[in-house]
Amino acid sequence: MEPAEIVQHSGGVIGVSWLMIVLPLVGAAVLLLGGRRTDRWGHFLGVAMSLASFVVAVLVFFELLGLGADQRRRLVELYDFLPAGTLDVKMGLLLDPLSISFALLITGVGSLIHIYSIGYMAHDPDRRRFFAYLNLFIAAMLLLVLADNYLGLYVGWEGVGLASYLLIGFWQHKPSAAAAAKKAFIVNRVGDMGLALGIFVIFTTFGTVAFGPVFAHASQASQGTLTLIGLALLLGACGKSAQLPLQSWLLDAMEGPTPVSALIHAATMVTAGVYLVVRSGAIFEGAPTAQLVVTIVGVATLLAGAIIGTAKDDIKKALAGSTMSQIGYMMLAAGLGPVGYAFAIAHLIAHGFFKASMFLGAGSVMHAMNDEVDMRKYGGLASVMKITWITFGLGYLAIIGFPLLSGYWTKDGIIETAMHHNPILGWLAVIGAGITGFYMSRLFFMTFHGRPRWDKDAHPHESPAVMTWPLIILSVGSVFGGAFLITGNRFMLFLSPAVGRPAELPSFAPFSVTGLVTLALVAVGVVYAWLRYGRSEVPAVAPRGSLLTVFARRDLYGDALNEALFMRPGQWLTRLAVFFDNRGVDGLVNGLAALIGGTSGRLRRVQTGFVRSYALSIFFGAALLVGAWFVVGNL
Amino acid sequence: MTTHYLVLSALLFAIGAVGVLVRRNAIVVFMCVELMLNACNLAFVTFARQHGNLQGQIIAFFVMIVAAAEVVVGLAIIVTIFRTRRSASVDDVNLLKY
Amino acid sequence: MGETITFWVLAVVSVTAAFGLVFSRKAVYSALMLGVVMLSLAVLYAVQDAPFLAVVQIIVYTGAVMMLFLFVLMLVGVDSSDSLVETIRGQRFWAVIAGLGFAVLLAAAIGNAVIGDPAGLASAVKADGGNVPALARLIFTRYVFAFEVTSALLITAALGAMVLAHRERSTPKASQKDLARARFLGDHPAPLPGPGTYARHNAIDMPALLPDGTVSELSVNRFIARHDVADGHLPENPRLAQAIRNVASGPAGRPKVVQAVAEEPEGPVEAEDKPKVSQTTGSPVEEEGK
């Protein structure tokens, strides 16, 4: 079934849905422009704005539910954004099941992270600035998912890039944080270039950048054009979602405060790429090659992320590897058509809960351990941090796909769909699930079980309520979210007005071969991790490890590859250009000037100041003239 | 005969020119310039007789007048320079150079 | 025939004089040589049917311009002779080359040209009855504008010469009072002793004797003393000869006054003068001069 028609809308809560974006934006503006005066209550304003935005999102959601299934794509026109000749962009918001799902996730999880940050950043002198950036992040992300055209999406996209830069480099006094922020920004620029190119091609092909007309006419465009657009958009998605080959910024982005990591990984930023691919489904469906590339990128990333996750001792980097891997699953699903879209978004939402829960849990652990991030110095924290242990544990079980928890439902759906689509992709995804079981267990056991390996001055304690309550709420979502969305294809039906409805709805088969093999592999991974890290002693210093371990520790040599392929040639090119400029261009100009200057310097010696010298020249000239006249006269 | 006069005129002119070039005393240089002017006058007078009209003599007359004026101003300049620099050498006046 | 003889004589004279003008070390000789050339040319003008120009040449050039030259020469120092060493490298060589080349080329060109017999001015001046009326007619008719312009030029030149030669006074003119004060503040309030105050001789180069019998160096002109020293024209009396030598070798400007007379108190004056007197008495003052 095709997606539903987009309907103009006015009035109601949907009519003022722009408040979702404006409220956090106002919060950011007040906090940034207000300066120190807002220091005392700034974080409350940030939380309030985020919560208000969430309330609006919820109201919009229920108003949408109140409409008929085929009436659920509402367009709210706001203003004429870019009236420039043939490029006439009208800014508007597209409220449909897809965008409202994202909006709920962003504002909901975002608000919990805001609340958590009150406690986490309590001792930071720049807490107000932090909340301003968080609000800006939320606003940009909401603009990204709610805009009804590619240009508006692009504005939000860049806003997210800016906000992520500001937040990753929040502790800019640390050189590593500044470098990480810069790296994230630059790698994102590469992706943004792809997105920009995609939008250019869309405009030249369709004459507009609004979603409605573009998708309506997508089927009329040639397959080559659609493939081109799809690949360009995929490049953008890779940059934002940290997919291969633009994954390198994500691990370094852990330099930011932990709530930022949670926000980037769970609710915003990295999900933008998945959103872009799913939103542009009409284009990708016309371009099977692009879809295939999307799935390949997804599978490659999910394996790469999982492998990286197995080797990291830094708890946040291990989690970052898992994010890469999980986004890889979503990307894989997003390349599989309408069935995949539903699973991708469902997994995205479930992932938003359990990954936020785990990141915030990791933040809670770090908070307790004097900001120590090395898991080899944790161990046995389960007894002292009960709430964190339980919530983190639930998130952990959800991500490895423990039966009946969130991850089980959504990830299993993705694997089944992939298997149905292409067995190779399916089996690779199964292997990825197995590795996930291992590295998440490793992380969990190293942190919470085994003998304590704490530093002498570490006195772990449970975090304050303002930090634990968000954990509890999130863990509820990570336990029940998946089941709620997947059972009876509830989410797929809800989403179908936006992304189209598959010809036949998948039926959930818990005891299929694939499901059982996946579970078995995961179990093997968990048991192996227990043997290695739960039961036996974990060395305080990382052993040298096998070649594969080193490979994974070095992020699969992604940075080395980037340096060798892009950075060094770029530097050489720059040096060459500088050399050419200095010696060639400047040399020519300077040489000419030096030539003239030198000649003049010598020539001016003729001006001796002696009148008799001048008179001699004149007389010589006169003699020459007489001679010439004599010669000419005698011809 | 005309040729003889003209050659004499050319010789005197060349001698005057060489004098201008080799002498440093401004007054002597000036005298050499006068010599050149006189050589020209001789040529004019000769041509006047050769062509049988008085134009040459007229112009020689005007040359004399202009030469007189020139001598007056030139010598005044020399006196002024001498007064400030205590020198009448044309080589000493060489500040305007590279 | 007469013209040919005149020409050749005057040509040789004028060229020789021109060379003399260029090569003489003293500017006065150069000026005289120039006068010779001008006079020769005046004669040549007269020979060539230009009596008016010949007279003007003598009056204006030899009379006025040459006098001006000589006057300025006197002003800037008549007795200095120029160094003929060339200071600009290659100047003399190239000047001679250029001059020779110029003269040879011009002479060759003139020699090459086919020039017939001169037309003569007889027919041109016949209508007006002479050279001067004919010239006058042309100057005051056809060339009257040029004539007026030259008058303006002459006035401008006269004014310019005045402006250039005028020196603006930077201090007020010294009055008689100022001069008197300066004299009394200076070294020598009284007039310098004239030679022969107590002279035994009327030659101007004989130093005078002061009342105490000492020799006054102030009484001899420095330039005369120098000539005396140069010519070995010294009096036999060694004291007088020494005084003349002192004056000649003394510093430029006024010779030192005997300071003791003007400034020192009386006691020391006597004490210092005593031996001098005894010296003078030792050798008689009566000098016979040279």
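Our subject is the structure that appears above.
None of these values were measured; they are calculated from a predicted model.

Novice: Can you walk me through the overall build of chain B in this structure?
Specialist: Helix and strand counts for chain B come out as three helices and zero strands. Starting at the N terminus, the α and β elements of chain B follow one another as α-α-α. Every one of the 98 residues in chain B was classed for burial, and the buried ones make up 68%. Entry remark: accessible area of chain B is about 3,200 Å², with carbon and sulfur atoms responsible for 71%.

Novice: When you look at the overall build of chain A in this model, what are you seeing that I'm missing?
Specialist: Broken down by element type, chain A carries 25 helices and three strands. Excluding contacts between residues fewer than 6 apart, the proportion of contacts in chain A whose partners are at least 24 apart in sequence is 81%. Accessible area of chain A: about 25,500 Å², with a carbon and sulfur share of 70%.

Novice: Would you take a moment to explain the sheet that holds strand 3 (residues 87–95) of chain A for this structure?
Specialist: Whether parallel or antiparallel, the strands of a sheet pair through hydrogen bonds between backbone atoms. Residue and element names in this part refer to chain A. A sheet is described by the order of its strands in space; here three strands give the open sequence 1-2-3, paired in mixed fashion. Since the sheet does not close on itself, it has two edges, and those belong to strand 1 (7–8) and strand 3, each with one partner. Both strand 2 (residues 74–84) and strand 3 contribute to a ladder of nine bridges, which runs antiparallel. Its bridge partner lying in strand 3, Leu82 is registered against Val89.

Novice: Any chance you could explain a nonpolar patch on the surface here in plain terms?
Specialist: Residue and element names in this part refer to chain A. A contiguous nonpolar surface patch, about 740 Å² in accessible area, is contributed by Val16, Trp18, Val22, Val26, Val30, Trp41, Phe44, Leu78 and Tyr79. For the nonpolar patch, the secondary structure elements donating two or more residues are helix 2 (19–34) and strand 2. Ranked by the residues each element gives to the nonpolar patch, the list is headed by helix 2, at three residues. Tracing the backbone shows Val16 in the loop between helix 1 (12–15) and helix 2. A relative accessible area of 33% means that Val16 is categorised as partly exposed.

Novice: Would you explain the interface of chain B and chain A in this entry?
Specialist: The parts lose accessible area when they come together, and the size of an interface is often stated as this lost area. Opposite the 14 residues of chain B that make contact, chain A presents 11 residues. Taken together, both faces of the contact between chain B and chain A bury some 1,100 Å²; the carbon and sulfur share is 63%. In terms of surface lost to chain A, no three residues of chain B exceed Leu21(B), Asp91(B) and Tyr98(B), which account for 55% of the buried area on that side. Joining chain B to chain A, the criterion identifies one salt bridge. Of the charged contacts in the structure, one is a salt bridge between Asp91(B) and Arg612(A), with a shortest N-O distance of 2.6 Å. Our count for the chain B to chain A interface comes out at three residue pairs in polar contact (both at pLDDT 80 or more). Of the residues in the side of chain B that touches chain A, the class split is nine nonpolar, one polar and four charged.

Novice: How do you make sense of the side chain of Asn131(C) when you look at a structure like this?
Specialist: With respect to the secondary-structure elements, Asn131(C) resides in helix 6 (residues 131–140). Judged by its relative accessible area of 10%, Asn131(C) is buried. Among the polar contacts made by the side chain of Asn131(C), one reaches the side chain of Gln57(B) at a distance of 3.1 Å. A polar contact of 3.3 Å, which involves the side chain of Asn131(C), links it to the backbone oxygen of Asp49(C). Residues contacting Asn131(C), with those up to four places away along its chain left out, are Leu54(B), Gln57(B), Asp49(C), Ala50(C), Pro51(C), Phe52(C) and Val125(C).

Novice: Hey, could you run me through the nonpolar core in this one?
Specialist: In a soluble, globular protein the nonpolar side chains are often hidden away together inside. Formed by 192 residues in total, the largest nonpolar core has its most connected members in Met20(A), Tyr150(A) and Trp249(A). Among the elements that take part in this core, helix 16 (residues 338–368) of chain A stands out by supplying 19 residues, more than any other. Counting 86 residues, the second largest nonpolar core, distinct from the first, contains Leu35(B), Leu42(B), Ala11(C) and Val56(C).

Novice: Help me out: how do you make sense of helix 19 (residues 423–448) of chain A in this one?
Specialist: Residues spaced three or four apart along an α-helix face the same direction, because each turn holds 3.6 residues. The terminal C-alpha atoms of helix 19 of chain A lie 37 Å apart, and with 26 residues this matches the ideal 38 Å at 1.5 Å per residue to within 8%. After helix 19 of chain A finishes, the residue Gly450(A) shows a positive phi value of roughly 75°.

Novice: How should the pattern of salt bridges be read in this particular structure?
Specialist: Opposite charge on two side chains makes pairing possible when the charged atoms of those side chains draw close. All names here are of chain A. The tally for this structure, following the rule as stated, stands at 16 salt bridges over all chains. Here Asp39 makes a salt bridge to Arg128, at a shortest N to O gap of 2.7 Å. On the criterion of sequence distance, the pair formed by Asp39 in the loop between helix 2 and helix 3 (42–66) and Arg128 in helix 5 (residues 127–146) is long-range, its members being 89 residues apart. The partly exposed category is assigned to Asp39, whose relative accessible area is 30%. For Arg128, a relative accessible area of 15% gives the class buried. For the salt bridge of Asp252 with Lys183, the shortest nitrogen-to-oxygen distance reads 2.9 Å. With Asp252 in helix 10 (residues 248–252) and Lys183 in helix 7 (residues 175–206), this pair connects stretches of sequence that are 69 residues apart.

Novice: Is there a simple way to explain the interface of chain B and chain C in this structure?
Specialist: Between chain B and chain C, the residue contacts involve 64 residues of the former and 84 residues of the latter. Together, the buried faces of chain B and chain C total about 6,700 Å²; carbon and sulfur atoms form 75% of this surface. Summed over the three residues of chain B that lose the most area to chain C, namely Met31(B), Arg49(B) and Met64(B), the buried surface amounts to 10% of that side. At the junction of chain B with chain C, the criterion picks out one salt bridge.

Novice: Would you mind showing me how to read unusual backbone geometry here?
Specialist: Leave glycine aside and you will find that most residues have negative phi; peptide bonds, for their part, are mostly trans. Residue and element names in this part refer to chain A. Geometrically, the link from Leu244 to Pro245 is a cis peptide bond, its omega value of 5° lying close to zero. Secondary-structure assignment places Pro245 in the loop between helix 9 (223–241) and helix 10. Phi angles above zero are rare outside glycine, and Ala242 is one such case at about 55°. One non-glycine residue, Leu404, lies in positive phi territory at about 80°. Among the structural elements, Leu404 can be located in the loop between helix 17 (386–400) and helix 18 (406–421).

Novice: Where do I start with a positive patch on the surface in this structure?
Specialist: A cluster of basic residues, Arg86(B), Arg167(C), Arg169(C) and Lys173(C), forms a positive patch at the surface. With respect to the helices and strands, Arg86(B) occurs in the segment after helix 3 (55–85).

Novice: Looking at this structure, I do not really get the pairing of strand 2 of chain A. What am I missing?
Specialist: One ladder, built from two bridges, connects strand 1 of chain A with strand 2 of chain A; its direction is parallel. In the strand pairing of strand 2 of chain A, Val7(A) is matched with Arg74(A).

Novice: What's the story with the packing of aromatic side chains in this structure? I'm lost.
Specialist: What describes a pair of aromatic rings is the distance from one ring centre to the other and the angle between the planes of the rings. Residues and elements named next belong to chain A. A full pass over the atoms with the stated rule returns 34 aromatic pairs over all chains. Joined through ring pairs, the aromatic side chains of Phe392, Tyr396, Phe444, Phe445, Phe448 and Trp530 make up one cluster. Against the face of Phe185 rests Arg189, its NZ or CZ located 4.2 Å from the ring centre.

Novice: For this particular structure, what's the right way to read the packing of helix 25 (residues 611–633) of chain A against helix 1 (residues 2–22) of chain B?
Specialist: The packing of two helices is summarised by the inter-axis angle and the distance between the axes. Axis separation between helix 25 of chain A and helix 1 of chain B bottoms out at 8 Å; the angle between their running directions is 150°. When the interaxial angle is binned, helix 25 of chain A and helix 1 of chain B end up roughly antiparallel. The segment helix 25 of chain A lies against helix 1 of chain B, with Arg612(A), Ala615(A), Leu616(A) and Phe619(A) engaging Phe13(B), Ala17(B), Val20(B), Leu21(B) and Val22(B). Broken down by class, the residue content of the contact of helix 25 of chain A with helix 1 of chain B amounts to eight nonpolar, no polar and one charged.

Novice: Help me understand helix 16 of chain A in this model?
Specialist: All names here are of chain A. Over its 31 residues, helix 16 runs 44 Å from end to end, which matches the ideal 45 Å to within 8%, given 1.5 Å per residue. The buried fraction of helix 16 is high, at 28 of 31 residues. Remark: Asn370 follows helix 16 within two positions and exhibits a positive phi of approximately 55°.

Reading the values: the criteria
- Residues numbered from 1 in each chain as written.
- Chains lettered and ligands numbered in written order.
- Predicted model: local features only at pLDDT ≥ 70, side-chain atom pairs only at ≥ 80, totals over all residues.
- Heavy atoms only, no water.
- Helix = DSSP H or I, 4+ residues; strand = E, 2+ residues; numbered from the N terminus.
- Buried < 20%, exposed > 50% of the residue type's maximum accessible area, 1.4 Å probe, protein only.
- Areas by Shrake-Rupley, 256 points an atom, 1.4 Å probe, with all protein chains shown as cover.
- Contact = heavy atoms within 4.5 Å.
- Pairing = 2+ DSSP bridges.
- Patch = residues over 30% accessible without salt bridge, like charges linked within 9 Å, V, L, I, M, F, W, Y side chains within 5 Å.
- Salt bridge = Lys/Arg side-chain N within 4 Å of Asp/Glu carboxyl O.
- Buried area = accessible area lost by both parts, 1.4 Å probe.
- Polar contact = N/O pair within 3.5 Å; in protein donor to acceptor, adjacent residues only side chain to side chain.
- Nonpolar A, V, L, I, M, F, W, Y, C, P; charged D, E, K, R; others polar.
- Core = buried A, V, L, I, M, F, W, Y, C linked by side-chain atoms within 4.5 Å.
- Expected span 1.5 Å × (residues − 1).
- Lys, Arg positive; Asp, Glu negative; His and termini not counted.
- Charge placed at Lys NZ, Arg CZ, Asp CG, Glu CD.
- Phe/Tyr/Trp six-rings, centres within 6.5 Å; stacked < 30°, edge-to-face > 60°.
- Lys NZ or Arg CZ within 6 Å of the ring centre and 35° of its normal.
- Axes fitted to C-alpha atoms, helices over the stretch in contact; angles between N-to-C directions.
- Parallel < 35°, antiparallel > 145°, perpendicular 65-115°, else oblique.

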